[in-house]
Each structure stands twice: as structure tokens, then as C-alpha cells.
Amino acid sequence: MDSAGYPGRASPAESEVMPSRGRFITFEGPEGGGKTTQAQRLVARLGENGIAAVYTREPGGTKLGEAIRSLLQFDGAGEPPCPEAEVLLFAASRAQLVRKVILPQLEKGLWVIADRFADSTTAYQGFGRGFSLDDILRINRFAIDGVAPDLTIILDIDVKEGLRRLKERHILNGTGLDRLEREDLPFHERIREGYLELARLYPERIRVVDASKHSDIVAEEVWALVQDVCGPSISA
Ligand code: Z5A
């Protein structure tokens, strides 16, 4: 069992007896690392290789999850959630996503590529907000119903550079920073360190990619990792 509450990745022998289950890959990391860009590129590349994959995101990915996203990011209820409510709202979005999207798609044999998952709660609410990792583990475990990623890719980036990218995107789109993006630099630094700590603790599941490189180079590194971890499925 790892700190996100996952039961652990299936061993190759276990995977072989469940050939119809799709693969579950999550993208994680601090702001502006390119998770959305890379998750969508991966879905397209899997498709080109004959593998049906769906993109989803957290918070969100279901009608309920998208409503929760608006509460969390843009104070859609007219007041910001207290930190305890924040943790539980992220978990509620995840519980819905697992049962309505992730599990059904995996059971159909499709691959699911998620733009954030339970490690985000460990990093942001655990390392960032300072909630005990034991509490986060229990909450995550309740939300995810035993669904564990086969592979988690952390797109690691210097915090200031990631925030610079986001600000640039907001200027282009005419949008503003959301509630979490407005947190101070030490908060974002704790999150980055938290992710790197998770990668040290769970090297089998979590791989780190340097996201400061050109997005084509990052995409090649992501593809190499996917082939390495899920290779037998790709060549099947
Ligand atoms: N959160 C939480 O606290 N707890 C939880 O349990 C969960 C989430 C699940 C979700 O925000 C927020 O919720 C997030 C964590 C928190 N908090 N914040 N702040 P979101 O979904 O709106 O955003 P995000 O997940 O943090 O993603 P992002 O920071 O908006 O960006 P990204 O997905 O990593 O990157 P991108 O959108 O692909 O690219 C960002 C910009 O950089 C864009 O203009 C790209 O064109 C550019 N880009 C991408 N790659 C590159 C490279 N390689 N070079 C140069 N420029 C690039």
C-alpha cells in the first residue's frame, strides 16, 4: 500500500491473468509542467498505435466533478472552502470519477490517461497544506476503491518557471489565476518537494520527467516510459 492509498501496481504475472483490463496512467506535478499538453498528446499517440485511450482530469471529469471544480477553483459557492472541506471536495470529485469513468473504461479494456489523481491530494493538501499523510491516505483509500495507476509521470519543473508559463497562458486567454494558483511561493515549493519525495518512496510506480525541456522532447520521454512500463500491451 503506498501513500496515495493505492494497493500497489499489479506484478507482471498478475497482469497476465487480466488481459482485458486497460491501463491507467496519471500525470502529476506542480503548476505549469505541461500535464494537460502531455496527457492529450499521449492519448493521441496511443490512438495512432491502435490503443483506445480516454483523457480525463481532476478535479472534474464527470458532471458532478466539474461542478466541484468550480467550487474549488473559483469559489463558485460564493465563499472559499475551509482546508478540511477542500480535501473532502477533491476526494468527492475523485470518488465519482473512479466509479463513473475510470473503472468502467478500464473494465472495457480502454486505457485511461488522467490529468492529476490521488497523488495531487497527497502533494497539495498533505505536503502543501500540512494535513497528516495518514489522514490523506485514509481519505484517498476511501475515494479510489482500490484503483491504482500502472504508471504515474511527474512532470517536474522549477516552481517560478511553471507559474511564469501559467501567467503567460492566462494573458493569452484573458483569464486570471485561480484560488490555488494564487497561493504563495513556499506553498508551491512544498508541493514540488512533496512530489519528489513520493517519487523517491515509490520508484516502481512513479517516474520523474524534466518538464523544462521542449514539449516534443518531453513527449518522447513520456512515450519511452509508457513503452517501458506498459510495453507488452503496446506491442500486443
Ligand atoms: N488540486 C489539489 O489541490 N488537490 C487535488 O487532489 C487535485 C488538484 C486533484 C487543478 O488545477 C488545481 O487543483 C491544481 C491542483 C489542485 N492547482 N493549482 N493551482 P488545473 O486542473 O486548472 O490546473 P493544473 O492541473 O494545475 O494544470 P496547469 O498548472 O494549469 O498546467 P499543466 O496542465 O501542467 O500545463 P499545460 O496546461 O499543459 O501547459 C501550461 C502552459 O505551458 C501552456 O501555455 C502550454 O502551452 C505551456 N507549455 C506546456 N509544455 C511546455 C513546454 N515543454 N515548454 C514550454 N511551454 C510549455
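Residues numbered from 1 in each chain as written. Predicted model: local features only at pLDDT ≥ 70, side-chain atom pairs only at ≥ 80, totals over all residues. Heavy atoms only, no water.

So, the packing of aromatic side chains
The relation between two aromatic rings is expressed through the spacing of the ring centres and the mutual angle of the planes. Put simply, the rule reads: Only the six-membered ring of Trp is used, alongside the rings of Phe and Tyr, when aromatic pairs are assigned; centres must lie within 6.5 Å, and planes under 30 degrees apart are stacked while those over 60 apart are edge-to-face, with the rest tilted. We count a stretch as a helix when DSSP gives it H or I for four or more residues in a row; a strand needs E for two or more, and each element gets its number in order from the N terminus. The rule is simple: take the accessible area with a 1.4 Å probe, protein chains only, and divide by the maximum for that residue type; under 20% is buried, over 50% is exposed, in between is partly exposed. Put simply, a charge is over a ring when the Lys NZ or the Arg CZ is close to the ring centre, within 6 Å, and near the line of the ring normal, within 35 degrees.
Under the definition given, this model contains 2 aromatic pairs. Arranged with centres 5.0 Å apart and planes meeting at 85°, the rings of Phe24 and Phe117 form a pair that is edge-to-face. Of this pair, Phe24 sits in strand E1 (residues 24–28) while Phe117 sits in the loop between strand E3 (111–115) and helix H5 (118–128); the two residues are 93 residues apart in sequence, bridging distant segments of the chain. What makes Phe24 buried here is its relative accessible area of 0%. Between Arg94 and the ring centre of Phe117, over which it is positioned, the NZ or CZ distance is 5.7 Å.

Re the environment of Leu155
Operational definition: Contact definition: two residues touch when any of their heavy atoms are within 4.5 Å.
On the secondary structure map, Leu155 appears in strand E4 (residues 151–156). Taking C-alpha positions, Leu155 is 5.4 Å from Gly33, a pair spaced 122 residues apart along the chain. Excluding anything up to four places from it in sequence, Leu155 contacts Phe27, Glu28, Gly29, Pro30, Gly33, Gly34, Lys35, Gln38, Val209, Ala211, Val218 and Val222.

A short note on helix H3 (residues 63–74)
Worth spelling out the cut-off: By this rule the span expected of a helix is its residue count minus one, scaled by 1.5 Å. Note that the arc is defined by the directions from the helix axis to the C-beta atoms.
With 12 residues, H3 extends 16 Å from end C-alpha to end C-alpha; this agrees with the ideal 16 Å at 1.5 Å per step. Taken together, the buried positions of H3 are Gly65, Ile68, Arg69, Leu72 and Gln73. One side of H3 holds all its buried residues, which, seen down the axis, span an arc of 120°. Relative to its buried face, H3 has exposed residues pointing more than 90 degrees away, namely Lys63 and Phe74. Contact partners of the buried residues in H3: strand E2 (53–57) and helix H4 (83–107). Taken from the residues just after H3, Asp75 is the one with a positive phi, measuring 50°.

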